[in-house]
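# Descriptive analysis of the structure
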Amino acid sequence: MPELPEVEVSRLGLLPYLPGQVLQGVSLRAPRLRHELSPALAERPVGRCLKRVERRGKYLLFDFESEGGGGWIILHLGMSGSLRLVPPGTPPSKHDHVDLHFPGRTLRYRDPRRFGTLLWVDGPVVLDHPLLAPLGVEPLSDAFDGAWLHQALRRRQAPIKQVLMDAHCIVGVGNIYAAESLFRSRISPLTPACRLSRQRCDRLAATVREVLVESIAAGGSSVRDYVHSDGGAGSFQLIVAVYDREGEPCQVCGGPIRRITQGGRSTFYCPRCQR
């Protein structure tokens, strides 16, 4: 599933081309993704200028303005969605479900599993939308630091890895990034969140930010369907220390990496280095 780095890489790939352009049309080739594709999506944004492309958690937010009032397209890539900029008139493939037509290029949404979300919202404010309002702190924002994390974990008895992946607490820290952050922090994924000291929270907040920034620089992690808007792939998964390395030697101590299951997801860690 595309996580924060992959969504941010997608956003950055669109910025040189789309803001300031007028949307000329929308092509819908499926009745629904995770939710029904409303006719408003094909009608309301057409003729409006795309002002900016923002991100909230794993959602991309396309801000359209016009003299009669603005609106937003909210997009979530789901489990297998991706965006691609293609020349106008490029024939769609089987899983290319939505096109946004701009002058000189088309933004194409591909989603083999159809678990994504794409909808239109009228109005100048979108962050209070029901999909966005419950989301937690942005880990790349100034609000996220050791002090905030220590306070947020005080009453959380669940294992720290599961808390890191809880979007109501912190947005966008997926399985790969939680595992790598905990390894760099030398914290066991099994540690109850409320038992982390302020010092360990300082270190963990710093490493979460560090891992996410490195992944964005590497183009994200392409482990299944995810590709960039230019068709390229991410490479962060090639430099991970513990994720998907069960039985391989730890890069620090040489002991075997272990895999366990937490919340239905695989967790990889070094039991010697992480305590």
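Here the structure is a predicted model, which means the values were calculated and not measured.

For the rest of this paragraph, the subject is the sheet that holds strand β1 (residues 25-28). If you walk across this open sheet you meet the four strands as β1-β6-β7-β5, and the pairing is antiparallel. Each end of this open sheet is capped by a strand with a single partner; those strands are β1 and β5 (82-86). On average, each strand axis in the sheet is tilted by 20° relative to the strand beside it, whichever way the strands run. Pairing of β5 with strand β7 (residues 105-110) involves five bridges; the strand directions are antiparallel. Residue pairing in the sheet places Val86 in a bridge with Thr106 of β7.

Where burial is concerned, most of helix α5 (residues 175-185) is hidden: 10 out of the 11 residues are buried. For α5, every residue scored as buried is listed here: Asn175, Ile176, Tyr177, Ala178, Ala179, Glu180, Ser181, Leu182, Phe183 and Ser185. Looking at the buried positions of α5, the neighbouring elements they touch are α1 (4-14), α4 (160-164), α6 (198-217) and β10 (265-269). Positive phi shows up at Arg186, right after α5, with a value of about 60°.

Below, the discussion takes up the environment of Gly70. Of note, Gly70 is situated in the loop between β3 (59-65) and β4 (71-76). With relative accessibility at 25%, the residue Gly70 sits in the partly exposed group. The spatial distance from the C-alpha of Gly70 to the C-alpha of Gln162 is 38 Å, given a sequence separation of 92 residues. With sequence-adjacent residues up to four places away left out, Gly70 is seen in contact with Arg48, Phe64, Glu65, Asp122 and Gly123.

In the structure shown here, the tally under the stated rule is zero disulfides. Considering cysteine sulfurs only, Cys253 is the nearest to Cys270, which forms no disulfide, with 3.5 Å between them. The class for Cys270 is buried, based on a relative accessible area of 0%.

It is worth spelling out the pattern of salt bridges at this point. For side chains of opposite charge, pairing can occur when their charged atoms come near one another. For the coordinates displayed, the defined rule picks out 18 salt bridges. Among the salt bridges present, the one from Asp166 reaches Arg156, with a minimum N-O distance of 2.9 Å. Highlighted residues: Asp166 in the loop between α4 and α5 and Arg156 in the loop between α3 (146-153) and α4, separated in sequence by 10 residues. A relative accessible area of 22% means that Asp166 is categorised as partly exposed. Residue classification places Arg156 among the partly exposed positions, given a relative accessible area of 27%. Arg184 is paired through a salt bridge with Glu210; the nearest N and O atoms lie 2.7 Å apart.

The next subject is the packing of aromatic side chains. In the structure shown here, the tally under the stated rule is three aromatic pairs. Centroid distance Phe144 to Trp148: 5.9 Å. Interplanar angle 55°. Geometry classified as tilted. Both rings, one in Tyr243 and one in Phe268, keep their centres 5.3 Å apart while their planes meet at 70°; by these two values the pair is edge-to-face. Of this pair, Tyr243 sits in the loop between α6 and β9 (258-262) while Phe268 sits in strand β10, and the two are 25 residues apart along the sequence.

Conventions we followed
Residues numbered from 1 in each chain as written. Predicted model: local features only at pLDDT ≥ 70, side-chain atom pairs only at ≥ 80, totals over all residues. Heavy atoms only, no water. Pairing = 2+ DSSP bridges. Helix = DSSP H or I, 4+ residues; strand = E, 2+ residues; numbered from the N terminus. Axes fitted to C-alpha atoms, helices over the stretch in contact; angles between N-to-C directions. Buried < 20%, exposed > 50% of the residue type's maximum accessible area, 1.4 Å probe, protein only. Contact = heavy atoms within 4.5 Å. Disulfide = S-S within 2.5 Å. Salt bridge = Lys/Arg side-chain N within 4 Å of Asp/Glu carboxyl O. Phe/Tyr/Trp six-rings, centres within 6.5 Å; stacked < 30°, edge-to-face > 60°.

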